[in-house]
Every structure is written in C-alpha cells, then in structure tokens.
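Remarks on the overall topology
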Amino acid sequence: MPLEATMMIIDNSEYMRNGDYMPTRFEAQSDAVNTVFQTKIDSNPENTVGVMTMAGKGPEVLVTHSKDLGQILQAIHVTKNKIGGAIDIPTAIAVAQLALKHRENKNLRQRIIVFAGSPLEGPAADEKAMIKLAKKLKKNNVALDVVAFGDGIEEPGEEGKTVLRSFVENTNSGDNSHLLTVTAGSRLMSEALMSSPILTADLRSGIPDELMPGAEGPAASGSGANDFEFGVDPSLDPELAMALRMSMQEAQAREQAEAASSSTAAASAPAPSVPSVPEHSAREDEALLQEAIEASKATHDVNMDGEDVQMDDDEDEEAAIARAIEMSMQQAPPDDGKDKK
C-alpha cells in the first residue's frame, strides 16, 4: 500500500486547445488528473495530492497536499481559463520539489507526475541539463512519472532515445519512475493511466493478487479480454472483477455443501431390517446353552477321574502280571495228568 505525497504538473499551454484528444487535450488531461487523484487517495487515506501548472506566466501551485477532490476540480476549472504560453518543465519540477519538501507528513514518499502535451523547448530540450536535474531528483529520493501526449511525444534519436526517456531513466531508482506515451485516438488517457505501471501499485493495494493478470501488472499497451479472468480487467473495473470472483466462490461453496449433504444422507440411511427372534425361542436357546455347559463340565470331571484310575493301574501292572504267572503255573499240572488217564 503506497504511502506517497504526489504533485501533478499539468500542461496549460496553447497546445491544450487542440481537439485531437476528445474533446480537447486539456479536457482529456483533466480526466486523467481526476483519475490519478482518486486512485492515490483510495489506495491509502494518508496519501496527499497537489496540482500545479507549468505554462502561462510561469509555474503556479494551485493545490498543495490535499485529500479533497473538490479542491482539485476547482483548480482545474480555474486553469481552464488560463490556457496560454509555453511550458517550462525544469522550473516547474523545481517548484514541485520544493512543495513536496514542505509536506506535513514526512513519512510520505515524494512523487512528481508531469503531463507534457507540448513540444520541448528551451532548457527542457537540453538533454544534458535534464539529466543533471534527474540525478538531483534521484539524490533527494523523488520519484518521477511522465505522461507524454500530443506534441509532447518525441521522435527517437539516433540511439532510439528521447530527452524525456533519458530524463526518466536517470531518475529511476528501484523501478519507481516511468514514462507513458499516449497516442491520439487509441484510447482515453485515463484508461491508459489505469493500465500503466504508474498506477499499478496503487491499484494492487485494493485488489487481491489472484485477480491480477500477472505478477508484473498489466501492460501499458492494453490486451484482449481473454488475458484476464472472467474476461474483465480488474485494474479498469475492480468492483466487477471482485463481484464475479465472489459469485464463483459462492457457487463452489453451494456445490460443496450439496455434495456433503448427499454423502451424509447416504450414511444415515436405515439399515436392512433383521427378523426378530421370538422371545420364547431366545429363552429356549438360553436353557439349552446352560444344559450344554453343565454337561461339558460333568464330562470333564469324568474324564479327569478316568485318568486317575488309569494312572493307578499303570503303577500295579507289573505286580498283576507276576501273580497271573504264578497262578498259571500252580494250576497247570493237575489238568495234564487227568488227560493222560
């Protein structure tokens, strides 16, 4: 959740009367300023936003460190009647940096957003001077975003770089500075800002990570609806994306509840009925069981007695054999004599 004090520098030069951006360049810029203010304040209630101009008679601070949208709209309305002159980017940035230095909450990080819709002239066209200014901003921990539109879009030089691109690259520290180019007729300037890295961090603070299309945020060039879940870009319509996500989660919860209830009903179904045993049959079975137990006990006692007798017979077996032999020897002679006579 970014905690920042932002100063927006708007272009109020004669070039803002052109109608290549609907309805005019100034009106398109005003819509973008309103979008930036609301996004910054919604991301963190402690954030503050200011507005100043950089053309006319000279750079002028209109609102400093405000959280009131009414003040921003009033400042834009007043500026609409002061369109004229040429822009002076270096002087405007110096004034903006001074205004940020005197912010009430020193814990707020400093950021300057420049809207440039006019061709660079004078000191702003000097690349070396702009790079020097960029290094000063970087030293003072001031982040910088530049929105180039209309005549502010430069033609790349021999190395493929422009003054504004070199200015932003030398200010950048930890990817905190960006350059956004918005061409006429492609889309609204406010929409381009919403899908650009300039407001990505602020938008992510109020949107879950799983709703964002990628870890690095949506590209500034725009993409089709198929790149986003449910076909909705959450950075452009976070409320709709969140509603669709909640609807899907509720549907999944209902399906899970129905599956759980069906499984519970199957488990609690009555078991097959078992025929009941008549009471008299149960009593007869108990009586038979008791008789069987007593019979088994009696048989066990008899077997034990038989084993004792058998053990006694084994002990006198030798003596009995000896008596039988003696008796047979005594009786044998008389019987043999009678047979001979």
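Further remarks concern the overall build of the protein. Along the protein, the regular secondary structure elements total nine helices and six strands. Buried residues in the protein amount to 35% of all 341 residues. Contacts in the protein between residues at least 24 apart in sequence constitute 72% of all its contacts with a sequence separation of at least 6. Summed over all atoms, the accessible surface of the protein reaches about 20400 Å², with 52% contributed by carbon and sulfur.

All told, the structure shown has 10 salt bridges when counted by the stated rule. Note that Glu4 and Arg111 form a salt bridge whose closest N and O atoms lie 3.1 Å from each other. With Glu4 in strand β1 (residues 4–10) and Arg111 in strand β4 (residues 109–116), the pair connects residues that are 107 residues apart, well separated along the chain. Exposure class is identical for Glu4 and Arg111. Each is buried. The partner of Glu169 in a salt bridge is Lys161, with the nearest N and O atoms 3.6 Å apart. In this structure, a network of salt bridges that share partners links the residues Glu4, Lys40, Arg111, Asp145 and Asp202.

Let us look at the sheet that holds strand β6 (residues 178–182). Note on sheets: strands pair through backbone hydrogen bonds, and any given pair is parallel or antiparallel. Pairing is mixed in the open sheet, where six strands are placed in the order β3-β2-β1-β4-β5-β6. Both edges of this open sheet fall to β3 (60–66) and β6, since each of them pairs with a single strand only. Pairwise comparison of adjacent strand axes, ignoring direction, gives a mean angle of 15° for this sheet. When strand β2 (residues 48–53) meets β3, the two strands line up antiparallel, connected through four bridges. Bridge pairing links Val51 to Val63 in β3.

With 12 residues, helix α2 (residues 69–80) should cover 16 Å at 1.5 Å per step; its first-to-last C-alpha distance of 17 Å lies within 8% of that length. Those residues of α2 not exposed but buried are Ile72, Ala75, Ile76 and Thr79. Seen from one end, α2 has its buried residues packed into an arc of 100°, which puts them on one side. Where α2 starts, the residue carrying a side-chain oxygen 3.0 Å from the main-chain nitrogen of Gly70 turns out to be Asp68.

A few words on the side chain of Ser196. For Ser196, the location among the structural elements is in the loop between α6 (189–194) and α7 (197–204). From its side chain, Ser196 meets the backbone oxygen of Leu193 in a polar contact 2.8 Å long.

Moving on, we come to the environment of Arg103. Tracing the chain through its elements places Arg103 in the loop between α3 (89–101) and β4. As for Arg103 and Thr64, which are separated by 39 residues in sequence, their C-alpha atoms are 8.4 Å apart. Residues within four places of Arg103 in sequence aside, it is in contact with Ala5, His65, Leu108 and Gln110.

Right, let's talk about the packing of helix α4 (residues 127–139) against helix α5 (residues 163–171) for a bit. Between α4 and α5, the shortest axis-to-axis distance is 8 Å and the interhelical angle comes to 25°. When the interaxial angle is binned, α4 and α5 end up roughly parallel. The element α4 and its partner α5 pack so that their crossing is right-handed. Residues Glu127, Met130, Ile131, Leu133, Ala134, Lys135, Leu137 and Lys138 of α4 lie in contact with α5, whose contacting residues are Val163, Ser166, Phe167, Asn170 and Thr171. The class makeup of the residues in the contact of α4 with α5 is seven nonpolar, three polar and three charged.

With that out of the way, let us pick up the confidence of the model for the protein. For the protein, per-residue confidence averages 80 on the pLDDT scale, and residues scoring 70 or more make up 75% of the total. Per-element confidence in the protein is highest for β4, whose mean pLDDT is 96, and lowest for helix α9 (residues 279–340), whose mean pLDDT is 60. In the model, residues 302–309 has pLDDT below 50 throughout and makes zero contacts with residues more than four positions away in sequence or in other chains. Note that residues 335–341 has pLDDT below 50 and, in this model, zero contacts with residues that lie over four places away or in other chains.

Definitions and cut-offs
Residues numbered from 1 in each chain as written. Predicted model: local features only at pLDDT ≥ 70, side-chain atom pairs only at ≥ 80, totals over all residues. Heavy atoms only, no water. Helix = DSSP H or I, 4+ residues; strand = E, 2+ residues; numbered from the N terminus. Buried < 20%, exposed > 50% of the residue type's maximum accessible area, 1.4 Å probe, protein only. Contact = heavy atoms within 4.5 Å. Areas by Shrake-Rupley, 256 points an atom, 1.4 Å probe, with all protein chains shown as cover. Salt bridge = Lys/Arg side-chain N within 4 Å of Asp/Glu carboxyl O. Pairing = 2+ DSSP bridges. Axes fitted to C-alpha atoms, helices over the stretch in contact; angles between N-to-C directions. Expected span 1.5 Å × (residues − 1). Arc of directions from axis to C-beta. Polar contact = N/O pair within 3.5 Å; in protein donor to acceptor, adjacent residues only side chain to side chain. Parallel < 35°, antiparallel > 145°, perpendicular 65-115°, else oblique. Left-handed = near helix turned anticlockwise from the far one by under 90°. Nonpolar A, V, L, I, M, F, W, Y, C, P; charged D, E, K, R; others polar. pLDDT = per-residue confidence, 0-100.

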